[in-house]
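Examining the three-dimensional arrangement
Here's the letter readout for the chains.
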Amino acid sequence: MPLEQVLVLLVAAAGAGWVDAVVGGGGLLQLPAILITGMPTVEAMATNKLSSVFGTTSAAVAYARSTKVDRQVAIPGAGIAVLSAGLGAWAAAAISAEVLRPAVMVVLLAVAAFVTLRPSFGSVPQPHLRTNTRVVAAVGVAGVGIAFYDGIMGPGTGTFLIIAFTTILGVDFVSASASAKIINIGTNVGALVVFGLQGHVQWALGLGMAVCNVAGAQVGARMALKRGGGFVRIVLLCVVAALVVRLGWQQFA
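Owing to the predicted nature of the structure, the values given are computational and were not obtained by experimental measurement. (Residues numbered from 1 in each chain as written. Predicted model: local features only at pLDDT ≥ 70, side-chain atom pairs only at ≥ 80, totals over all residues. Heavy atoms only, no water.)

Taken as a whole and judged by the stated rule, the model has 2 aromatic pairs. Between tryptophan 18 and phenylalanine 231 the ring centres are 6.1 Å apart and the planes differ by 80 degrees, which places this aromatic pair in the edge-to-face class. One end of the pair, tryptophan 18, is in helix α1 (residues 3-23); the other, phenylalanine 231, is in helix α10 (residues 229-252), with 213 residues separating them in the sequence. Classification of phenylalanine 231 by relative accessible area gives buried; the value is 15%. Ring centres of tyrosine 149 and phenylalanine 160 lie 5.5 Å apart, and the angle between their planes is 90 degrees; on these two criteria the pair is classed as edge-to-face. Of the two residues, tyrosine 149 sits in helix α6 (residues 132-152) while phenylalanine 160 sits in helix α7 (residues 157-169), which places them 11 residues apart along the sequence. Here tyrosine 149 matches phenylalanine 160 in class, with each residue buried. One Lys or Arg, arginine 227, reaches over the ring of phenylalanine 231 and ends 5.3 Å from the middle of that ring. (Phe/Tyr/Trp six-rings, centres within 6.5 Å; stacked < 30°, edge-to-face > 60°. Helix = DSSP H or I, 4+ residues; strand = E, 2+ residues; numbered from the N terminus. Buried < 20%, exposed > 50% of the residue type's maximum accessible area, 1.4 Å probe, protein only. Lys NZ or Arg CZ within 6 Å of the ring centre and 35° of its normal.)

Next up on the list: the packing of helix α8 (residues 173-197) against α10. Direction vectors running N to C along α8 and α10 enclose 65 degrees, while the axes themselves pass 8 Å from each other. Here α10 runs roughly perpendicular to α8, going by the angle between their axes. Counting all contacts with α8, which are made through Phe173, Val174 and Ser177, the residues of α10 involved are Gly229, Val232, Arg233 and Leu236. (Axes fitted to C-alpha atoms, helices over the stretch in contact; angles between N-to-C directions. Parallel < 35°, antiparallel > 145°, perpendicular 65-115°, else oblique. Contact = heavy atoms within 4.5 Å.)

Within the fold, alanine 147 resides in helix α6. Distance from alanine 147 to arginine 130, taken between C-alpha atoms, is 22 Å for residues 17 residues apart in sequence. Residues within four places of alanine 147 in sequence aside, it is in contact with Ala81, Ser84, Ala85, Ala142 and Thr187.

Judged by nonpolar contacts, the single largest core of 52 residues is most densely connected at Val23 and Phe165. It is α10 that contributes the most residues to this core, 9 residues altogether. In this view, valine 23 contacts Gly158, Thr159, Ile162, Val232, Val235, Leu236 and Val239; residues no more than four positions away in its chain are not counted. Leu9, Ala13, Ala33 and Ala85 belong to the second-largest nonpolar core, a separate cluster that totals 21 residues. (Core = buried A, V, L, I, M, F, W, Y, C linked by side-chain atoms within 4.5 Å.)

Before going further, it helps to spend a moment on the side chain of serine 177. Residue position: serine 177 is located in helix α8. For serine 177, a relative accessible area of 0% corresponds to the buried category. A distance of 3.2 Å separates a polar atom in the side chain of serine 177 from the backbone oxygen of valine 22. Those residues in contact with serine 177 that sit more than four places away from it in its chain are Val22, Tyr63, Ile162 and Val232. (Polar contact = N/O pair within 3.5 Å; in protein donor to acceptor, adjacent residues only side chain to side chain.)

And the structure:
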């Protein structure tokens, strides 16, 4: 691969790490950048996972040091997510992404409208929403549904996790981001193991990108913790809009 392409991928990895740490969706930058090089889609997804797992772990550590992680949801959810994401990665070659994109776009548009029309959403915790039933629901949605999506498709997984925790459990955006990182480690590991066993990972390139992804993730996590839920909300809306545009382009272009 030419040096110029490698440099572009390293920069994209750093940007993806920042976005992922703040609100998820770093794959919006990193995955298209890899695909532009001409790498086959499955190999690009696999290499993206290798880089992302390091950045996500780095961000998770930064969050855990400064804010409370919901272990009751994050730990069991992450364990289940390893299996679900692995199944998604295994099915990636069999299920067309064109079947999933329209549904994902509808969900994203609904999320954007909801967050826009309710400015206080995610800014202030709503502990009264948390019940045992909702905790089980959050683990199921994150560890099964969203994790499977991450294995089979990927972009926006962290964003979906944050939205799920904020909506179901009534936590604020920063706390949701902290717990989402733990689940996201599980989804990345599950998918990466399957992709690795299938021989799709470009290890040297992925590890190089991982270094930059970690650097971006550290900056992003610190900014999110320092600036709070309002900052995360703005980035969330920007990422959701970018996801809709990207998925729409892939579907209809």
